[in-house]
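Overview (structure and organization)
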Amino acid sequence: MHAEEALSRFRQMQSDFAHMNRVSTMGELAASLSHEITQPIASARNNARAAQNFLDIQPPDLGEVREALACVVGDADRAGAIIDRIRKQMKKAPPRKECFDLNAAIDEVIALARSVTTEKAVSVQTRFANGLRLVEGDRVQLQQVILNLILNAVEAIEAVEMGQRKLLISTEQDGTEIVVAVRDTGPGIDPEQLERVFEAFYTTKPSGTGMGLSICRSIIDAHGGRLWAEPNEPRGAVFQFTLPGAEARS
């Protein structure tokens, strides 16, 4: 009985740490996300004003009014989608297992991080495998892993003054497993530190907590996969993780 209680407390602690890390990560994005939300709101205001102007014309140009109002609806939907993505990432909820399309989940994270990658002039490219198996697990937790890896890669790329500023995210089917890779063109990682970066409280960042990659690994482990780092060619680092396909878990 004591062992079950200890295991339950440990899992709760893991969940709490994961949530804290998610909140911290979203805090890093806050300034850029506020700018991203402001854009569709400003666009909606401009389109609404344009609709008013078209109504003031004699006779009113109803075709232009309809087009302007359709743009207002589109702008509102864009702002709502951004807020919805933030809410999902910030929400504290027990792990939820579901089968989902990993490529689509990664696309959502790329959209969430777009303001940061644009601000840092980092070109984000994707190479997704077609016909990828669904994965089974907690969508938000796995998206947290991908978001952490993207933000780490952007920070690494930012440290390099010369050369290409590229980030490549790929997926592939390897037997019953799915492999996700995040490749950057940053300065790379000392080969002796490739495993240490996953240790709790170990960090190379002046303001880092050293928990991000440790939590990412625990999330991937809990989903039956593994997470590791390697040098990228010709420069940078590649972080990869595997997940069993949903059919393979049955």
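Just so you know, these numbers come straight off a predicted model, no measurement behind them.

This part covers the overall build of the protein. Along the backbone of the protein there are six helices and seven strands. Reading the helices (α) and strands (β) of the protein from amino to carboxyl end gives α-α-β-α-α-β-β-α-β-β-α-β-β. Residues classed as buried in the protein amount to 42% of the 250 residues present. Nonlocal contacts in the protein, meaning residues at least 24 apart in sequence, comprise 73% of its contacts between residues at least 6 apart. For the protein, the computed accessible surface area is about 14,000 Å², with 53% contributed by carbon and sulfur atoms.

Let's shift gears to the nonpolar core. With 41 residues, the main nonpolar core has L102, I150, L167, F239 and F241 as its most contacted residues. Only α3 (102-112), α5 (139-158), β4 (166-174), β5 (177-184), α6 (212-222), β6 (227-231) and β7 (237-244) provide two or more residues apiece to this core. The element contributing the most residues to this core is α5, with ten residues. Excluding its chain neighbours within four sequence positions, the residues that come into contact with F239 are L149, V180, A181, V182, I189, V197, F198, L213, W228 and A229.

For the rest of this paragraph, the subject is α6. Counting buried positions along α6 yields eight of eleven residues, so the element is predominantly enclosed. Where α6 is concerned, the buried positions are G212, L213, S214, I215, C216, R217, I219 and I220. G224 occupies a position one or two residues after α6 and carries a positive phi of about 80°.

Summarising the model, the protein shows a mean pLDDT of 80, and 75% of its residues fall at 70 or more. Element-level mean pLDDT values for the protein span from 68 in helix α1 (residues 2-56) up to 96 in β5. For residues 206-210, every residue scores under 50 in pLDDT, and the model assigns this stretch seven contacts once sequence neighbours within four places are set aside.

With that out of the way, let us pick up the pattern of salt bridges. This structure, assessed with the given rule, holds three salt bridges. The salt bridge partner of E119 is K120, with a shortest N-O separation of 3.9 Å. Take E119: its relative accessible area is 51%, and that puts it in the exposed class. Residue class for K120 comes out partly exposed when judged on its relative accessible area of 24%.

The rules behind these values
Residues numbered from 1 in each chain as written. Predicted model: local features only at pLDDT ≥ 70, side-chain atom pairs only at ≥ 80, totals over all residues. Heavy atoms only, no water. Helix = DSSP H or I, 4+ residues; strand = E, 2+ residues; numbered from the N terminus. Buried < 20%, exposed > 50% of the residue type's maximum accessible area, 1.4 Å probe, protein only. Contact = heavy atoms within 4.5 Å. Areas by Shrake-Rupley, 256 points an atom, 1.4 Å probe, with all protein chains shown as cover. Core = buried A, V, L, I, M, F, W, Y, C linked by side-chain atoms within 4.5 Å. pLDDT = per-residue confidence, 0-100. Salt bridge = Lys/Arg side-chain N within 4 Å of Asp/Glu carboxyl O.

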